[in-house]
Amino acid sequence: METVTCKTCHRISSVTKQTTKIRCHGCQGTILIGNSQVSVPLDISKWPSHDQDNIIIERKRFHDFSKKISGISPRSSPSFSQFPTARISDTPPRGKRALLCGVSYNQNKKFKLRGTTPDVMNMAKLLVRQFGFPTNAIIVLGDFMSYEPPTRMNIIRAFDWLVKDSQSGDSLVFYFSGHGTQQLDLDGDEIDGFDEAICPLDFETAGIIIDNDINKMIVEPLKQGVTLHAIIDACHSGTVLDLQRVYDHNRGRWKDNYPASGAYKGTSGGKAICFSACEDDQQAADTSAFSPEIVGAMTFTFIKAVVENKEITYHGILDSIHNAIEDANNSKRGCGMLNRMCHQKMLQDPMLSSSEPFNANSLFKL
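Presented here is a report on the structure given in the accompanying data block. (Residues numbered from 1 in each chain as written. Predicted model: local features only at pLDDT ≥ 70, side-chain atom pairs only at ≥ 80, totals over all residues. Heavy atoms only, no water.)

1. Here we look at the packing of helix H2 (residues 116–129) against helix H6 (residues 297–308)
Test applied: Axis geometry follows a simple rule: fit a line to the C-alpha atoms, using only the stretch in contact for helices, then measure angles between N-to-C directions, giving values from 0 to 180 degrees. For the purposes of this entry, the term helix denotes a DSSP run of H or I that reaches at least four residues, the term strand denotes a run of E that reaches at least two, and both are numbered from the N terminus. We call two directions roughly parallel when the angle between them is under 35 degrees, roughly antiparallel when it is over 145, roughly perpendicular when it lies between 65 and 115, and oblique otherwise. Here is the rule for handedness: rotate from the far helix to the near one, and if that takes an anticlockwise turn smaller than a right angle the crossing is left-handed, while a clockwise turn gives right-handed. Residues count as neighbours in contact if any of their non-hydrogen atoms are within 4.5 Å of one another. When residues are grouped by polarity, Ala, Val, Leu, Ile, Met, Phe, Trp, Tyr, Cys and Pro land in nonpolar, Asp, Glu, Lys and Arg in charged, and all others, Gly among them, in polar.
The interhelical angle for the contact between H2 and H6, taken along N-to-C directions, is 20°, at an axis separation of 10 Å. Taken together, H2 and H6 sit at an angle that is classed as roughly parallel. Where H2 crosses over H6, the two elements pack in a sense that is left-handed. Touching Asp119, Asn122, Met123 and Leu126 of H2 are Thr299, Phe302, Ile303, Val306 and Val307, all from H6. Residue composition of the contact of H2 with H6, grouped by class: 6 nonpolar, 2 polar and 1 charged.

Here it is as structure tokens:
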């Protein structure tokens, strides 16, 4: 993945090698890749340093929070590799099952992310310890420890495992922590003219996975009574499942997100719900603003919201994530922030989308 800077507003955007043009996320102008733009390197010398007093305060807050769910801290807990996990070749179980993907891109320092390993470990522990997911009903794909690597092919195979033979009453979870991107929509089914996508470990050679395909593989097959929750901590992830309704958090109502082409993006009777780290034209942060470890801002604040309030609603989760990010941006404890595109503030608004409208003030459950 490369970065380009708009010569008009100087906003940084991420692109893949195959991208020829994108919409600027700042001024909304068209950027012709390789023509009028230049790549921007990650200049570590320009990153702001930590304020030590605030780091001490945050360390205490982090460990106080960690005590609320055993093992939530990657440093203090046993390695998650001690828990049994499902393999892609296993027969999918009935009831609850989950696919967790964490991509660190360790093979290429240019794309390397530091927060995805604790993100996946913490999400897995949340599912097991708070929501009762069996450890043998969770597939972890990660380029760390001994997990199956999150290659494009493995993710696609795991998508099939996640929805295969699911029946009424089953609860499915798809979690992704890694890079996200956009590319020009060629099908005419995107309101903003761009497809959103996730980047597997081998995206440079095998390609990205665009929202059209994600929808086809894990949304369309959902049968009556089956519910899928997706939690996507990646840049440009707002409508990465191409769901037909988007929740207006400020007004408390659902908006249509039907494709202009008329293509069907719904389920086969089930329900799909997605929490995204940011809107389609925004970037998601890896940060130390909330803990001594580098973590995904959305993942950490999502888990914190759910752990601290067992009776939280879908709307309440959005409130909590938004407030936590806003608070970090407005306080000194954000001074040590490291996000994926080197911004000094987390410029991201979490999103909720669904295959159908529902009461966002209902209790969140998996």
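2. Things to note about the sheet that holds strand S9 (residues 180–184)
What counts, and what does not: A pair of strands is labelled paired if DSSP reports no fewer than 2 bridges between them.
Spatial strand order, S9-S10-S11: 3 strands in an open sheet with antiparallel pairing. Pairing within the sheet leaves two strands with one partner each, and these edge strands are S9 and strand S11 (209–210). Two elements, S9 and strand S10 (residues 194–198), share 5 bridges in a ladder whose sense is antiparallel. Across the sheet, residue Leu184 finds its bridge partner in S10, namely Phe194.

3. Description of the environment of Ile312
With respect to the helices and strands, the residue Ile312 is situated in the loop between H6 and helix H7 (314–329). In sequence terms Ile312 and Asn361 are 49 residues apart; their C-alpha atoms lie 8.6 Å from each other. Setting aside its immediate chain neighbours within four residues, Ile312 contacts Ala305, Val306, Ile317, Leu363 and Phe364.

4. Quick notes on the pattern of salt bridges
Worth spelling out the cut-off: Every case where a carboxyl oxygen of Asp or Glu lies within 4 Å of a side-chain nitrogen of Lys or Arg is listed as a salt bridge. Exposed residues in this analysis have more than 50% of their type's maximum accessible area, buried residues have under 20%, and partly exposed residues fall in between, with area computed by a 1.4 Å probe over protein chains only.
Applying the stated rule across the entire model yields 7 salt bridges. With its nearest N and O atoms 3.4 Å apart, the salt bridge here joins Lys216 to Glu220. Judged by relative accessible area, which is 26%, Glu220 ranks as partly exposed. We note a salt bridge from Lys265 to Asp242, for which the minimum N-O separation is 2.9 Å. Highlighted residues: Lys265 in the loop between strand S14 (253–256) and strand S15 (271–276) and Asp242 in the loop between strand S12 (227–233) and strand S13 (245–248), separated in sequence by 23 residues.

5. A word on the side chain of Ser237
Among the structural elements, Ser237 can be located in the loop between S12 and S13. Note on Ser237: relative accessible area 1%, which makes it buried. Beyond its immediate sequence surroundings of up to four residues, Ser237 is in contact with Ile232, Ser276, Ala277, Cys278, Glu279 and Asp280.

6. Re helix H5 (residues 211–219)
Formally: In this description, one arc is meant: the one made by directions from the helix axis to the C-beta atoms.
Among all positions in H5, only Asp211, Asn212, Ile214, Asn215, Ile218 and Val219 are buried. Axial view of H5: buried residues confined to an arc of 165°, hence all on one face.

7. Focus: the sheet that holds S12
With mixed pairing, 8 strands are arranged side by side in an open sheet as S7-S6-S8-S12-S15-S18-S13-S14. Sheet topology places strand S7 (138–142) and S14 at the edges, where each strand pairs with a single neighbour. Between one strand axis and the next, the sheet turns through 20° on average, direction left out of account. Pairing analysis gives 4 bridges linking S13 to S14, with the strands arranged antiparallel. Counterpart to Val246 in the pairing with S14 is Lys255. Contacting strand S6 (96–102), S7, strand S8 (171–177) and S12, H2 runs over the sheet at an angle of about 170° to S6.

8. Some details on unusual backbone geometry
Positive phi outside glycine occurs at Tyr105, with the angle close to 55°. Here Tyr105 lies in the loop between S6 and H2. In this structure Tyr105 comes out as buried when scored by relative accessible area, which is 0%. Positive phi is not limited to glycine here, since Asp165 has a value of about 55°. Of note, Asp165 is situated in the loop between helix H3 (152–163) and S8.

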